Amino acid sequence: MIDAGNMVYWVVVLLMMTGLYVVLASSNLVKKVVGLNIFQTSVFILYISLGSVSGGTAPIHVEGVTNYANPLPHVLILTAIVVGVATSAVALALAVRIHDAYGSVEEDLIEKQETEQA
Amino acid sequence: MSLLVLLGTMAIAIVRLNRLFAVVILFDIFSLLSAALFVSLGAVDVAFTEASVGAGITTILLLGALSLTSKRQRQISWKRHLPAILITVAIGILLLFGLSDLPRFGDPEAPAFGPLYSRYVFGSPHEIGIPNMVTSILASYRGYDTLGETTVIFTAAVTVLGLMVRGSGARTWSGGGMDHHLILRINSKLMLPLILLFALYVQFHGDYGPGGGFQAGVIFAGGFILYCLVFGLESVQSFAPAGLVRVLCACGLGLYILTGLCGMLLGGNFLDYNVLAHDPLHGQHLGIALIEIGVGTTVAASMFAMFHAYAGYEPQA
């Protein structure tokens, strides 16, 4: 199961775990967004590595070349990256508004304020 | 191989750090590294996007959010760490089990290289007539997907503006620029035309090499953002007023949909470019160019509008 060729997949799992851990464990909302982005990047790497073929070139047509990487995952991931930044922007905007309302972006402090009000 | 190790190191460093400024800068490096990894895997278009979006715009937005919230994370208690570690390890083990079912890395017999692959890779040069297969799938074969994604970006821009802009949004902000730094001022003025020219090249050369509307839009917005950072927000008001930028967000999406509708009016399906000109290949060229311009406009305007919303935001007392 462990060989150098499949190293990419191992790193994907490692990055996915790191991203998930940051999302779960950090209390700061901005850091959670960073964690979400790491998670997202690991999925991107998984897709791109599934579409790559040994000895293949970039999927731009050249006379005489028949071995290309699979262009379909590239398309999906290209648009996913741009959509990812757009959704991150929304998440950060929400964090900024939460900071306005509660004076903090730390989850536990916000929760404390909520329970005091109730 | 060394790229993978560096990526892992960055990710672990991000977990360990509590100073958020350092976290954001490390994430920037992480994005650049993953862009380099995409190049080595043959995904040049993706690398281009990751370098301009991940390392450029995401970092600016994160820094913007940091300046409006707090710079440090509080210490986390072990009560929070323990369940998180347990869940992460459990999911990691499950994923590792799943790995054994994946095809070998770089295997040409993998399911991903089935009939669909042959159709796209060997059909596209004849059916669409442009060398870059990523562009032909993005804009033509899977035009519906891209329309959906452009809509998502537009919606996100509308949401950010709705959350962060009060009143007309025409209020100008000054004093935040860095125009007292001579080197920054001269350099950014020298760079700006080059950045915009490069963005146009990426936009119109996307059929033949890596590039296209998404990358070009982000680079275009990046040029304007650089100018704003150095000279202050009000300096761009004269040629890119907030209202115009918002209208452009919608115009790009509108151009995309109109191109699709033109295909219907001329007797084809929605987003069918073959009918746009006498020769199907010319029609494809025209259709792809039009929707790439639409995508570029929406992406550039949305990114700039979002930056503007962050930079011009005034916290409520």
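See the structure shown above.
Parameters and conventions
Residues numbered from 1 in each chain as written. Chains lettered and ligands numbered in written order. Predicted model: local features only at pLDDT ≥ 70, side-chain atom pairs only at ≥ 80, totals over all residues. Heavy atoms only, no water. Helix = DSSP H or I, 4+ residues; strand = E, 2+ residues; numbered from the N terminus. Buried < 20%, exposed > 50% of the residue type's maximum accessible area, 1.4 Å probe, protein only. Contact = heavy atoms within 4.5 Å. Lys, Arg positive; Asp, Glu negative; His and termini not counted. Charge placed at Lys NZ, Arg CZ, Asp CG, Glu CD. Disulfide = S-S within 2.5 Å. Expected span 1.5 Å × (residues − 1). Core = buried A, V, L, I, M, F, W, Y, C linked by side-chain atoms within 4.5 Å. Domains from an automatic or database assignment.

### Section: the overall build of chain B
Working step 1: Counting its regular elements, chain B contains 11 helices and zero strands.
Working step 2: Shown N-terminal to C-terminal, the secondary structure of chain B runs as helices and strands in the order α-α-α-α-α-α-α-α-α-α-α.
Working step 3: When its C-alpha atoms are laid out on the principal axes, chain B stretches across 60 × 55 × 35 Å.
Working step 4: In chain B, which comprises 317 residues, the proportion classed as buried is 48%.
Working step 5: Relative to all contacts within chain B whose residues are 6 or more apart in sequence, the contacts with residues 24 or more apart total 71%.
Working step 6: Where the 15 positive side-chain charges of chain B centre and where its 16 negative ones centre are 22 Å apart.

### A word on unusual backbone geometry
Residues and elements named next belong to chain B.
Working step 1: Positive phi values are uncommon outside glycine, yet L271 reaches one of about 65°.
Working step 2: By secondary structure assignment, the location of L271 is in the loop between α10 (242-265) and α11 (280-311).
Working step 3: A residue is classified by how much of its surface remains accessible, and L271, at 6% relative accessible area, is buried.

### Things to note about the state of the cysteines
Residue and element names in this part refer to chain B.
Working step 1: One pass over the structure, following the stated rule, counts zero disulfides over all chains.
Working step 2: The structure places no disulfide on C228, whose sulfur is separated from the nearest cysteine sulfur, that of C249, by 14 Å.
Working step 3: Looking at the unpaired C249, the closest cysteine sulfur is the one in C251, lying at 9.3 Å.

### Topic: α10(B)
Residue and element names in this part refer to chain B.
Working step 1: For α10, which comprises 24 residues, the first-to-last C-alpha distance of 34 Å matches the rise-based estimate of 34 Å (1.5 Å per residue) to within 8%.
Working step 2: Looking at α10, one finds that the buried residues are A242, V245, C249, G252, L253, Y256, T259, G260 and G263.
Working step 3: Check the buried side of α10 and you find it contacts α7 (143-164) and α11.
Working step 4: Count one or two residues on from α10 and you reach G267, which has phi positive near 100°.

### What to know about the nonpolar core
Working step 1: Core analysis: the biggest nonpolar cluster contains 99 residues, and B:V160, B:M164, B:F304 and B:Y310 have the highest contact counts within it.
Working step 2: By residue number, the principal contributor to this core is helix α3 (residues 71-102) of chain A, which donates 14 residues.
Working step 3: Both domains that furnish three or more residues to this core are identified here as domain 1 (1-104) and domain 2 (132-317) of chain B.
Working step 4: Other than its neighbours up to four places away in sequence, B:F304 contacts B:A221, B:F224, B:I225, B:C228, B:V236 and B:V245.
Working step 5: In this structure, A:V53, B:A110, B:F113 and B:M133 belong to the second largest nonpolar core, which totals seven residues.

### Thoughts on helix α2 (residues 20-40) of chain B
For an α-helix, 3.6 residues make a turn, and residues three or four places apart therefore share a direction.
Working step 1: In this model, α2(B) (21 residues) spans 30 Å end to end at C-alpha, consistent with the 30 Å of a helix rising 1.5 Å per residue.
Working step 2: One or two positions beyond α2(B), positive phi appears at B:G42, with a value near 85°.

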